[in-house]
There are 2 protein chains.
Amino acid sequence: MERFVLGLDLGGTKINAAVLDDAGNLISGARNKTEAELGAESVLERIVQTGAKALEGAGITPNHLYAVGIGSPGPLDWRTGVIIESAHLNFDHFPLGPRLAERFGRPVFVDNDVNAGTYGEFKKGAARGASHVLGMFVGTGIGGGIVVKGELYHGFSKNAGEVGHMVVLAGGPRCNCGSRGCLESLASRTAIVRDLRKAVKDGRKTSLTKQHGKRLEEVSSGDLKEAYQHEDKLVQKTIKRAAKYIGIGIGSLVNVLGPEVVVLGGGVIEALADEMLPLIERSAARVAFKFSMKGVRIVRAELGDDAGVIGAAIIASERFESQGRRQQPEAASEAGR
Amino acid sequence: MERFVLGLDLGGTKINAAVLDDAGNLISGARNKTEAELGAESVLERIVQTGAKALEGAGITPNHLYAVGIGSPGPLDWRTGVIIESAHLNFDHFPLGPRLAERFGRPVFVDNDVNAGTYGEFKKGAARGASHVLGMFVGTGIGGGIVVKGELYHGFSKNAGEVGHMVVLAGGPRCNCGSRGCLESLASRTAIVRDLRKAVKDGRKTSLTKQHGKRLEEVSSGDLKEAYQHEDKLVQKTIKRAAKYIGIGIGSLVNVLGPEVVVLGGGVIEALADEMLPLIERSAARVAFKFSMKGVRIVRAELGDDAGVIGAAIIASERFESQGRRQQPEAASEAGR
């Protein structure tokens, strides 16, 4: 009966769900808006609904699941399933894992959303076969995940991998986190749009103001791509600078962490990989030691929006199994009584 | 018979050796100059001599050793014992491990010198009991070592942990490694002296010029300490800036790696820990997320110069044992024939 696993990906704006069979194949999927402003209980309800829709698509009920996995923004405690806080989601020590376990009647395993995406790319995407992986996802912010010897790495803080918040330019722009000069404050879409806005204010021209006005508020990664391709000099310069900083961050991490594969994903990379990847590679190679860079691959993510649900599902299935293994000796000794 | 292990620490200027018993107690030690300028074969000879002197001090011969461990500057391949290159030591793909094994007639295990120091502090020093440790050693350069789940971390590059070469100030001072704005280029003794020299050239005053002239060539960490304590304003300002950058580097690494204990060692820290540590802590806490900094201890190394030999000896004894374990099944099956 229990041959399926449900993967969930909770984002600030949307929820993604997918059912995987026990071979790791994606059977069905569902999506919904998060509507985070309605509060934690409402978000919980929408997660359950989105999961239920994915189960319906696969023609199964929760009884057919052996486990549920969910990737969530953090910080969080992956052992207890509690989301410590999330500004976007209005979560404050919210027991997401236990609450979902109650609703689905199955064991639920929680991890950071970017960890789940990195793990998905590691198991089924662009980083297959490597054993040391660094995932970096560039969108509104910059998040990261680390795989060490084939395992997701959490560190003592349980929340390691915050590569967007390593300082690359001390004293640089103020970051959302309160610090200055973090990679996120230099190369996220938020940073790119802020730099464009400032340049426009200083009298520079960009095609983007026609559609978006001088505040450039709703500029998407796709808009940036289009402007770049239409030879918008200001956009090109700004994107190139962001790519340089991403490369500097990756070069530093190659020296410190020594990953074999660096997987780049997120909206900005998905839209602008062709333009940015060669610049990122060159910039990383300038920072990293030659011997540390040798054989390292910097690649674009392959699974797009599905990386998170696939990763969350595989995390759940693996943790469920290893729990089973740990519990087996006890079970065996009970049976022997 | 085989109840001892020999630990060696190969530095650019000196060689350190120590004999440990099987409980990890330091029995005897010996020191010698490296005289690296005489070439690899001469350095090898001096390592063997220093080791022999330590054995003599313990009243034993190589036959009483089960293994030898050595920490060496890198990059190196810890699996084969080959030093890929070392500018200071004129090593070029030098098979240090195999050559020493030949001389001592015992298995030799090689690792990076800073890894060995970090591991020594982890096993016997300031980071005892933690399972995620970051070691940072600030001297002429800045080196690092990483312990993950109780094991030294090497990464895909086999040379991870180069925390001195993460870029903290993009476009900053030129670093020895060829890049710009690495932590080493901002906070090593070399960087501190360079900043002081530049300030003197610009007309600023420091007590250090009396003894060392305007080029400040032979300024030691002890000299810096003395000037700091005698209210030398320029030295104080320069040391404080270095401490700020070290803290920024540590804060970034707390976000990315999530260590439980950060051990700080090396000549600069040994001399100036009282002055620098509070500044380093404050600066790190400004960069790191609160939830990642929670419970993290930033401490000074306890073992001083012995960290390297103790770490190298313990690495050797552990690898020797785990090799034995791996080989036992074969041996057992041979015996069963």
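Residues numbered from 1 in each chain as written. Chains lettered and ligands numbered in written order. Predicted model: local features only at pLDDT ≥ 70, side-chain atom pairs only at ≥ 80, totals over all residues.

Q: Describe in detail the relation of the copies chain B and chain A, supporting the description with residues and values.
A: Mapping chain B onto chain A calls for a screw motion: a turn of 180 degrees about the axis and a shift of 0.0 Å along it, with 0.0 Å RMSD after fitting. What the superposition gives is, in effect, a two-fold axis relating one chain to the other. Here 100% of the contact residues of chain B are again contact residues in chain A; the copies associate through an equivalent surface. (Least-squares fit on C-alpha atoms with pLDDT ≥ 70 in both. Contact = placed C-beta atoms within 7 Å.)

Q: Now, about helix H9 (residues 267-287) of chain A: what can you tell me, with residues and values included?
A: All names here are of chain A. In this model H9 runs just 25 Å from its N-terminal to its C-terminal C-alpha over 21 residues, more than 12% under the 30 Å that 1.5 Å per residue would give. Buried within H9 we find Val268, Ile269, Ala271, Leu272, Met276, Ile280, Ser283, Ala284 and Val287. Of the surrounding elements, those touching the buried residues of H9 are strand E9 (133-138), helix H5 (189-201), helix H7 (221-229), helix H8 (233-257), strand E12 (261-265) and strand E13 (297-300). (Helix = DSSP H or I, 4+ residues; strand = E, 2+ residues; numbered from the N terminus. Expected span 1.5 Å × (residues − 1). Buried ≥ 20, exposed ≤ 12 C-beta atoms within 10 Å, placed from the backbone.)

Q: Give me H8(A): which residues, what numbers.
A: Residues and elements named next belong to chain A. Spanning 25 residues, H8 covers 35 Å between terminal C-alpha atoms, matching the ideal 36 Å at 1.5 Å per step. Most of H8 sits out of view: 19 of its 25 residues are buried. Residue glycine 258 follows H8 closely and has a positive phi angle near 60 degrees.

Q: Give a description of the interface of chain B and chain A that names residues and reports values.
A: At the junction of the two partners, chain B supplies 35 residues and chain A supplies 35 residues. Sorting the residues of the side of chain B that touches chain A by element identifies helix H8 (233-257), helix H9 (267-287) and helix H10 (290-293) of chain B as the ones contributing at least two each. With 6 residues, H8(B) is the largest single contributor of residues to the side of chain B that touches chain A.

Q: Any chance you could break down the sheet that holds strand E2 (residues 14-21) of chain A for me, citing the residues and the numbers?
A: Neighbouring strands of a sheet are bound in pairs by backbone hydrogen bonds; such pairs are parallel or else antiparallel. All names here are of chain A. Read across the sheet, 5 strands follow the order E3-E2-E1-E4-E8 without closing on themselves; strand pairing throughout is mixed. On the outer flanks of this sheet lie strand E3 (26-33) and strand E8 (108-112), each paired with one strand and no other. On average, each strand axis in the sheet is tilted by 15 degrees relative to the strand beside it, whichever way the strands run. Note that strand E4 (residues 65-72) and E8 share 5 bridges and pair parallel. If you follow isoleucine 70 over to E8, its bridge partner there is valine 110. (Pairing = 2+ DSSP bridges. Axes fitted to C-alpha atoms, helices over the stretch in contact; angles between N-to-C directions.)

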